[in-house]
Every structure is written in C-alpha cells, then in structure tokens.
Amino acid sequence: MTTSHVPFETLSDLIDDELSAREKELVLLHVNECADCRAELLRLRGTVELCGDLAAIRADFSGLSRRVVGRARFRRTVRSFVRFAPAAAAAVVLISSYAIFYDGSEQQEADTAVTREQERIENVAIETPRPVDDVEEVIGILRDNNATITNVSDLYVEGKISVEQFERLRRHLGFRQVAFSVTNEAPAQGVNIMPSYMEEVGSDGGFGQTAPIYRATTGERYVRFRVFR
Amino acid sequence: MSDTYDIQVVESVLAGNTDDFSKIVEKYQDRVFRYVFAKLSNYDEAMDVTQEIFIMTLEALASFRRESKFSTWFFSIMINYCKNYHKKRGRFTSVPLTFSRGEEEYELQIPDHRENPEERVIMHDSLRILREEIQRLPEDYREILVLRDIDGLSYNEISDILNINLSNVKVRIHRGREFLKNRLHSRGLV
C-alpha cells in the first residue's frame, strides 16, 4: 500500500466509510506520505462535498401536498364518471324502452315508428359514447397556473396569462390544442380578447385573423390563449 | 421516521383518510425534488414532475404489496416515472418560440425573471458547473450519483431500488465519481 498508489475505488470506499479499520489505517498512512494520492483524495472529497451542496437546494413546497391530494381526488372522480357513464346510458335506454312498450298496448302500432326511431338513437348512443369533456380539468389547470379565464365556449376555454408563466401552463396543458398570441396589454376585465393584432400562433386553424404580428418590446407582456375542447 | 411510520400512513390512506397522504408528501418531497431536479435541471418542470410522482404513488397505493420497504417501492416509482418522462419529454416542448412571417423569422422571447429558491441558493458558479457536468454524465452514473451523493441513500437502498447487486452499485458509484471528479478537475473546480 505504501509503494503503489491507492486505487480510486479504495479512496471512494474511504469517503463512504466502507473500509475496515485496518484498511482505513493503511490507506491513511499512504495518503499521508504520497502527495499524488493526497491530491486525488482531496479532489474526490471536493467532488462529493459539492454534490452535497447541491442537495442543499430548497424548493418551495407550499401547497404541494394539498395539490397532490386534490388532483388525485379529481382524477378519481373523472375516472368513476367514465367507468359508470356507459352503464348509466344503458339504464336510461332500458327504462325508456320499457316505458314505451308498457304504455303501448293500445297505441303500439301507432308508436312503432317512434320506438324504432328511439332504438336507433339509443343504439347510436351506445355504440358511440360521447367522449368525456375535460373542460373542468382545463379550468383546474388554468386556475393552478394563475391564468385569468375570460371565456368558456362550446369550442374552447379562453384566457390570459403573463408571458413568464405561459411556458409552464403550456406544459401542463399537455397534448391539448392551444392557440395563443403575445401582447403588451395588461389583463383587465371587460377587454376584448380579440384585438386587431391577434395572431394565430401554434394552432392549426380557426383562431384569429392573420393580422401582422404584434411584438411587444416595452412594458409588461401577456399571452392570450385558447385551449380547444 | 421509520418504515413503520410509512406503513401506518399508507394503511390510513387506504382506509379512506386520503388527506393523510400529505404526510408522505412532506416526508419525501425534498428527496424527490432533488432527484428530479438533478435529472431535469429546470426548477418549474422538476416541481411539476415531483407533484405528478406523488399523485401516481397515491393512485397506485393499493398495489403496494409490502414485500419491500415503502421507501424502496416509492423510489422505484419515482425512477421509472423519470425514465418515461425523459422519453416523452420531447413531445411536451410544444411552445413555439419561433415563427416566420414571409421572409422574416421572429422569435418569441419568454424572459424568466423569477427569483425562485433555486436561484437564491445557487449563488456560486461552481454549482452551475456541477449541474452541467452531472447532466453530461452517462445515465447509469448520473442516476446512481444523484441517489448516493445528492439524495444520500445507502448502498443497500440503491441496490433495492435499482434492482442491481451491491457490488454493481459500488462499481457504478466509483466510476461515476471518477468521471465527475475528472470533469470538475478539468474545469478547475476541484
């Protein structure tokens, strides 16, 4: 141990206190005499200590546990709805069919056409269940990101957010289709969401007119966006 | 707080006291965030992923078989989630920062002036360099060094979580440290 340099693995074990007392003593004796090994040990210790400094990063976890539990509950509710929606639809079909047949002993022939039409509609409903609209989830995401919701329509949810917060919001919205434009107008109640310079950016159609892009260079900047349903 | 504490909390949550899961969040949030942040190097993204990992864990709690410690099971979820997230990550970078109008190309600047805790702590260039070099480590080494030297897990815990034997853990730690030490040395940091 005193004639050849200490292997790096042994120095690493020394740092982690993984050596026996005897091994540790021999290594320290050598390191005390060998400048190269001493320098190597100091470099290794510096590396590990620097990693420890990185562990000192403290994030702002305020509200994290509340958000976790709340979001999990919401998803569970949505899943329950999705799971039971077909069953509920089927129940409605059965009840309405029963009502039609029960009531129709005398009017059966007259109602045959109605019943057939009813069955046709019900069959379509069963075969092509309506996808669950995630507008509530979208609104939840917007609220979590402190976005201002300005309009909710059959087609989209519309809102405003600061430029700094937009990137994070966009990530939260995942694969949903989003159109947006940048402006230096501060969010204010009652302001028309569609100014003349509203621009279609990052969308595949249906949002705004192709006016010249407005690029704010001074003052505060905001993003107006639409999340399509 | 031992594994017994974790098990008690898990049982309470499974019995219907979902709010008790906040105890798990509060116990592990630092470790999860440090791991994710070391992987992603983006404060906001790391915070989002941290939240998602806890939600996934809560949703999967009923499948915890108690064949291992809760922490081992939980860290396995964390690691797998991060691996999958890395694969999907490209598809999430969907904010179009450049766009063209005729011949001209514009870039949408999104300045980030937030003074977040990360920025407050990382006042020294050395930590920035360290993060850069950790990012450049081969995946196997980066993962194990984060677990060992940043998250402070023991060799045995790492062995259980990564499902590799103890000697393999040691080898990877040694090689990862040597790799990182050489890189930091070449940049005059150690």
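From a predicted model like this one, the values you see are computed outputs, not experimental measurements.

The rules behind these values
Residues numbered from 1 in each chain as written. Chains lettered and ligands numbered in written order. Predicted model: local features only at pLDDT ≥ 70, side-chain atom pairs only at ≥ 80, totals over all residues. Heavy atoms only, no water. Pairing = 2+ DSSP bridges. Helix = DSSP H or I, 4+ residues; strand = E, 2+ residues; numbered from the N terminus. Axes fitted to C-alpha atoms, helices over the stretch in contact; angles between N-to-C directions. Contact = heavy atoms within 4.5 Å. Parallel < 35°, antiparallel > 145°, perpendicular 65-115°, else oblique. Nonpolar A, V, L, I, M, F, W, Y, C, P; charged D, E, K, R; others polar. Buried < 20%, exposed > 50% of the residue type's maximum accessible area, 1.4 Å probe, protein only.

Asker: Can you break down the sheet that holds strand β4 (residues 222-228) of chain A residue by residue, with the values?
Answerer: Residue and element names in this part refer to chain A. Strand order in this open sheet of four strands is β1-β2-β4-β3, and the pairing throughout is antiparallel. The open sheet has two edge strands, β1 (148-152) and β3 (178-183), and neither has a second partner. Sheet twist, expressed as the mean angle between neighbouring strand axes with direction ignored, is 20 degrees. Judged from the six bridges that link them, β3 and β4 form a sheet pairing that is antiparallel. Along β4, the bridge assignment pairs F180 with F225. Along the sheet, helix α6 (residues 135-144) makes contact with β1, β2 (156-162) and β4, crossing β1 at roughly 155 degrees. Seen against the sheet, helix α7 (residues 163-172) touches β2, β3 and β4 and runs at an angle of roughly 135 degrees to β2.

Asker: If you had to explain the packing of helix α3 (residues 35-54) of chain A against helix α9 (residues 166-186) of chain B to someone new, which residues and values would you point to?
Answerer: Think of two packed helices as two axes; the pair is described by the angle between the axes and how far apart they sit. In the contact formed by α3(A) and α9(B), the axes pass within 9 Å of each other and the chain directions differ by 95 degrees. The orientation of α3(A) with respect to α9(B), classified from their angle, is roughly perpendicular. Residues A:E40, A:R43, A:L44, A:T47, A:V48, A:L50 and A:C51 of α3(A) form the contact with α9(B), whose participating residues are B:R177, B:L180, B:K181, B:L184 and B:H185. Grouping the constituent residues of the contact of α3(A) with α9(B) by class yields six nonpolar, two polar and four charged.

Asker: Which residues make up the pairing of β2(A), and what values go with them?
Answerer: Residues and elements named next belong to chain A. The element β2 is extensively covered by neighbouring structure, given that seven of its seven residues are classed as buried. What you see with β2 is no split at all: Y156, E158, K160 and S162 on one side and V157, G159 and I161 on the other are buried throughout. Where β1 lies against β2, four bridges are found, and the strand directions are antiparallel. Following the sheet pairing, I149 is matched in β2 by G159. Hairpin connection from β1 to β2: three residues lie between these consecutive antiparallel strands. In the sheet, β2 pairs with β4 via seven bridges, with the strands oriented antiparallel. In the sheet register, I161 faces β4, and the bridge partner there is V223.

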